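Secondary and tertiary structure notes
Listed here are the chains, written in short residue letters.
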Amino acid sequence: MGSDDDDLYPAHIFNPPQEEIDRIVPRLVWPQGKLRVIGMEVYGQNTIYDLGDGRIVKAGRAVSIDEAKAMVFIREHTNIPVPKVHMVFEYDGWVHIVMDRIDGVALRESQMYNADGTFDPEAALTPRDGLRAVMQQLQEIIDEIRSLGHRFPPKMPQFGSWPSGPYQNSYFTDDLPAASFHTIAEFHDYWLERLDKSYKGAALVQPVVEQLRQLRDNSALCHAYAPVLSHGDLAPRNILVKGDRIVAIVDWETFGWYPAFWEVMAARNELMSKALIEAQSEIFGEITLEVGVYLRVRRCLAASF
């Protein structure tokens, strides 16, 4: 590790003293210590503990040191709001990231629930007229991440995780790629194989398969499909807001190099209120062919389990 890496990823954060770890571990009590927001537990594939001192701990099978490094990297080189990382350590086979607790609520809940945690879209924490402002900020964040990718390009263009290697993303979890993809055609082929494994050529999904094959065949004739740096999963659950202001983007384990359409697809791939859908369409425009096809691909695969 060079001196620049030592400055950006210092030992007191990424190799903390054992006594510091020993102070944290006894406070990781499940389920009593799990983070709660507006009276509700925070659900996800990982566990988030509230230390009660302004910090939280994220732990789980999908948590990695690269996720913590991505958060530090983004905070250092952009104005994107990201929780500050205080410490990273491994315990009981899992990586644990100690970070700031953010005073905000996931957009997934804030678009539909009031301050009491009651489902009430008409009196939601983020009102209807504030959703457009949130989507505008999200568009600016997407642009800033892509600009960062131009400033720090990969040594070899690839479709995969940051800083390198295959995707570590919940969208790919059921059949993780063994390596990064060198072309967009390889990216499309991966999803074609997933559909084939799940449905064995069933007529039900053939229209989606044909659309995806067409995307692959068209992309093979064009060399303009370069990967862009992306968060990888800007769905409402990963956008923390306070009213109409984004206060943090979380869950950076998905950070990597994706096709340009992926970020908008992921932003739409979650249950949303009609008002949020309208705000998304106003800022991001109508759904493109690629976004529409991959939304259908994702729904087919989700329905196969």
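Residues numbered from 1 in each chain as written. Predicted model: local features only at pLDDT ≥ 70, side-chain atom pairs only at ≥ 80, totals over all residues. Heavy atoms only, no water.

**Description of the overall build of the chain**
Within the chain, the regular secondary structure consists of 11 helices and 12 strands. A compact globule built from 305 residues should have a C-alpha radius of gyration of about 19 Å, and the chain, at 20 Å, falls within 12% of that. Relative to its full complement of 305 residues, the chain shows a buried share of 50%. Excluding contacts between residues fewer than 6 apart, the proportion of contacts in the chain whose partners are at least 24 apart in sequence is 67%. Element-wise, carbon and sulfur atoms account for 51% of the exposed surface of the chain, whose accessible area totals about 15100 Å². (Helix = DSSP H or I, 4+ residues; strand = E, 2+ residues; numbered from the N terminus. Rg over C-alpha atoms; globule rule 2.2 N^0.38 Å. Buried < 20%, exposed > 50% of the residue type's maximum accessible area, 1.4 Å probe, protein only. Contact = heavy atoms within 4.5 Å. Areas by Shrake-Rupley, 256 points an atom, 1.4 Å probe, with all protein chains shown as cover.)

**Regarding the environment of Glu-286**
Note that Glu-286 resides in the loop between α10 (274-284) and α11 (289-303). Exposure remark for Glu-286: the relative accessible area of 65% places this residue in the exposed category. On a C-alpha basis, the gap between Glu-286 and Val-95 in space is 39 Å, while along the polypeptide they are 191 residues apart.

**Regarding the sheet that holds strand β7 (residues 105-106)**
In spatial order, the strands read β7-β10-β11; together these 3 strands make up an open sheet with antiparallel pairing. Of all strands in the sheet, those bounded by a partner on one side alone are β7 and β11 (245-249). Taken strand by strand, helix α6 (residues 128-151) contacts β10 (239-242) and β11, and its axis lies near 40° from that of β11. (Pairing = 2+ DSSP bridges. Axes fitted to C-alpha atoms, helices over the stretch in contact; angles between N-to-C directions.)

**Comments concerning the confidence of the model for the chain**
The predicted coordinates ought not to be read in detail in places where the model reports low pLDDT. Across the chain, the average pLDDT comes to 92, with 97% of residues at 70 or higher. At the low end of the mean pLDDT range in the chain sits strand β2 (residues 40-41), at 72; at the high end sits β11, at 98. (pLDDT = per-residue confidence, 0-100.)

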